[in-house]
Amino acid sequence: MKMHFCIPVSQQQPDALGARYTLYSVYLDGFLFCRVRYSQLHRWNEQLRQVFGNCLPHFPPKYYLAMTTSMADERRDQLEQYLQNVTVDPNMLRSDVFIDFLKLVQLDTFRITTKRASLDIFLPDGRSIEAEILTSDTAERVLEVVSHKIGLCRELLGYFGLFLIRFCKEGKLSVVKKLADFELPYVSLRSSEVENCKVGLRKWYMDPSLDSMLMDCRAAVNLIYMQAIQDIEKEWAKPTQVQRQKLEALQKEDNQTKFLELSQEVQHYGYMQLDPCTCDYPEPGCGAVISVGNNQISCCIILPDNQTQDIIFQMNKVKCWQVTFLGTLLDMDGPQRTLNQNLELRFQYSEDSRWQWFVIYTKQAFLLSNCLKKMISEKMVRLAAENPEMQIEVPEQGKSKKYHIQQSQKDYSSFLPRKSKIKIAEVDCVLGTIKEEGL
């Protein structure tokens, strides 16, 4: 599936000889990832082509004459599409050519040199593991270092991930973003403008039943046990009074296995909860608390009369979704490094045989989109395991419309056209309904 890369802005910069060149600001999941020149991306594309041949997506051609404004905007759009499309192939994501280039541009952008460093990785119980790393180590590499220190089985690393987490007042926490495998945690943490932000280790799967895959590894059980306790303490998971009493008794006995078995019955166990946000249902401006997991989007809506209404959207009734940047990008010569001030995620779902849109306004729209993609991918893996001979066909890319693209079982990202310094941007992250008969 495509990743949330976008290039909302570019800047003209003078080189050493006084000539001008364009510097593109590349964002990943709403945060500044790097700034690069066209020539750097062109060389990278040539290196990738030597390894992967003609299976690479289209790369925008060189212009040997001065570009007009429309040509420059077109190139920026094409580079954006290239970055999104090149991340579809998992073999490419794991290649040295892919990773080494992205490591270099991350370090160069934030002027960080490769050196030895210590990085604290926080566990769900509040303790931290001091990892001795290089500043150029990827999230995948840092996760390996931490797993070795705590005894986590290497074959289970795919069930966990590193996250940027903001620790708020009154003991609350907010998951800012999931770090991609090729991101540099040291750099991402240092460059983040989020206050009280730390790198945390959490499980990374949305299907609670996958706990069963980890039960033979003591370190893995410890991690998901700590996270279960944390989620209950933070009220992300919502046990009944009877369940809470039983869980407290099992916790006193340190009976982790029975605790996790009972947790499976707890409402919203294993879900990702977002910060309080707003939505457009039943009318614009209503407050909402969104929890996502177990093939559901659970919404606790705060109505205008301060009453609450719980709505659950099953993922098999969700046709597509899109993330849209609603704000403007001004003063990009300054330190602004995030796009998450004004974001919305809207998804289309089926209700009473009619397709409707549900809109959520949240700065965690990219995180929510990644959770939805994770649920889709987990369901596809499960269906493939249940039906080994089943072939999963992904249709060709749909035709572009003016504002967004609808596709089936496909992930697509693009930004709306921009004008001068005020730029409205849109990211479409679209996946079709996943049904057995459609696979």
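Structure first, text after, so check above.
As a starting point, this report considers the structure included with it. (Residues numbered from 1 in each chain as written. Predicted model: local features only at pLDDT ≥ 70, side-chain atom pairs only at ≥ 80, totals over all residues. Heavy atoms only, no water.)

### Let's talk about helix α7 (residues 218-233)
- When the terminal C-alpha atoms of α7 are compared, their 23 Å separation across 16 residues agrees well with the 22 Å that a helix rising 1.5 Å per residue should span.
- Of all 16 residues in α7, 13 are buried; the element is thus mostly enclosed.
- Residue E235 follows α7 closely and has a positive phi angle near 65°. (Helix = DSSP H or I, 4+ residues; strand = E, 2+ residues; numbered from the N terminus. Expected span 1.5 Å × (residues − 1). Buried < 20%, exposed > 50% of the residue type's maximum accessible area, 1.4 Å probe, protein only.)

### As for the packing of helix α8 (residues 241-252) against helix α9 (residues 256-263)
- Running from amino to carboxyl end, α8 crosses α9 at an angle of 160°, the nearest separation of the two axes being 8 Å. Regarding the angle of α8 to α9, the classification is roughly antiparallel. Considering only the axes of α8 and α9, their crossing is left-handed. Only K258, F259, L262 and S263 of α9 make contact with α8, whose side of the interface consists of Q243, K246, L247, L250 and Q251. (Axes fitted to C-alpha atoms, helices over the stretch in contact; angles between N-to-C directions. Parallel < 35°, antiparallel > 145°, perpendicular 65-115°, else oblique. Left-handed = near helix turned anticlockwise from the far one by under 90°. Contact = heavy atoms within 4.5 Å.)

### Quick look at the packing of α7 against α9
- In contact at an axis separation of 10 Å, α7 and α9 are set at 50° when each is read in the N-to-C sense. By the angle between their directions, the pair α7 and α9 is classed as oblique. Between α7 and α9 lies a crossing of left-handed hand. Residues R218, V221, N222, I224, Y225, A228, I229 and I232 of α7 pack against Q256, F259, L260 and S263 of α9.

### A word on the pairing of strand β15 (residues 343-351)
- Sheet topology places strand β14 (residues 318-325) next to β15; 7 bridges connect them, and they run antiparallel. What sits directly across from W321, in β15, is F347.
- Where β15 meets strand β16 (residues 354-361), 8 bridges bridge the pair, whose relative direction is antiparallel. Along β16, the bridge assignment pairs R346 with V359.
- Hairpin geometry of β15 and β16 is characterised by an intervening segment of 2 residues between the two adjacent antiparallel strands and by a positive phi of about 55° at D352. (Pairing = 2+ DSSP bridges.)

### Notes on the sheet that holds strand β1 (residues 5-14)
- Spatial ordering of the open sheet is given by β1-β2-β3, a layout of 3 strands whose pairing is antiparallel. Looking at strand neighbours, the two that pair on one side only are β1 and β3 (31-37), the edges of this open sheet. With direction set aside, neighbouring strand axes in the sheet form an average angle of 25°.
- Sheet strands touched by helix α2 (residues 69-86): β1 and β2 (20-28). Its angle to β1, the strand with the most contacts, is close to 135°.

### Section: the environment of Q13
- The topology assignment puts Q13 in strand β1.
- With relative accessibility at 25%, the residue Q13 sits in the partly exposed group.
- Sequence spacing of Q13 and L23 is 10 residues, and the spatial spacing of their C-alpha atoms is 6.8 Å.

### Considering the layout of surface pockets
- Estimated volume of the largest pocket: approximately 1,400 Å³.
- Surrounding the largest pocket, 40 residues form its lining, L93, K178, D181, W204 and K374 being those nearest its centre.
- At the level of elements, α3 (90-93), α5 (139-150), β6 (160-167) and α10 (365-386) are the ones that each hand at least two residues to the lining of the largest pocket.
- Take the lining of the largest pocket: its biggest share by element is 7 residues, from α10.
- Across the lining of the largest pocket, the residue classes tally to 20 nonpolar, 7 polar and 13 charged. (1 Å grid on protein atoms, 1.4 Å probe; cavity = no way out; pocket = protein on both sides within 12 Å on 5 of 7 lines; lining within 4 Å. Points joined across faces, edges and corners; volume = space filled by probe spheres on them. Nonpolar A, V, L, I, M, F, W, Y, C, P; charged D, E, K, R; others polar.)

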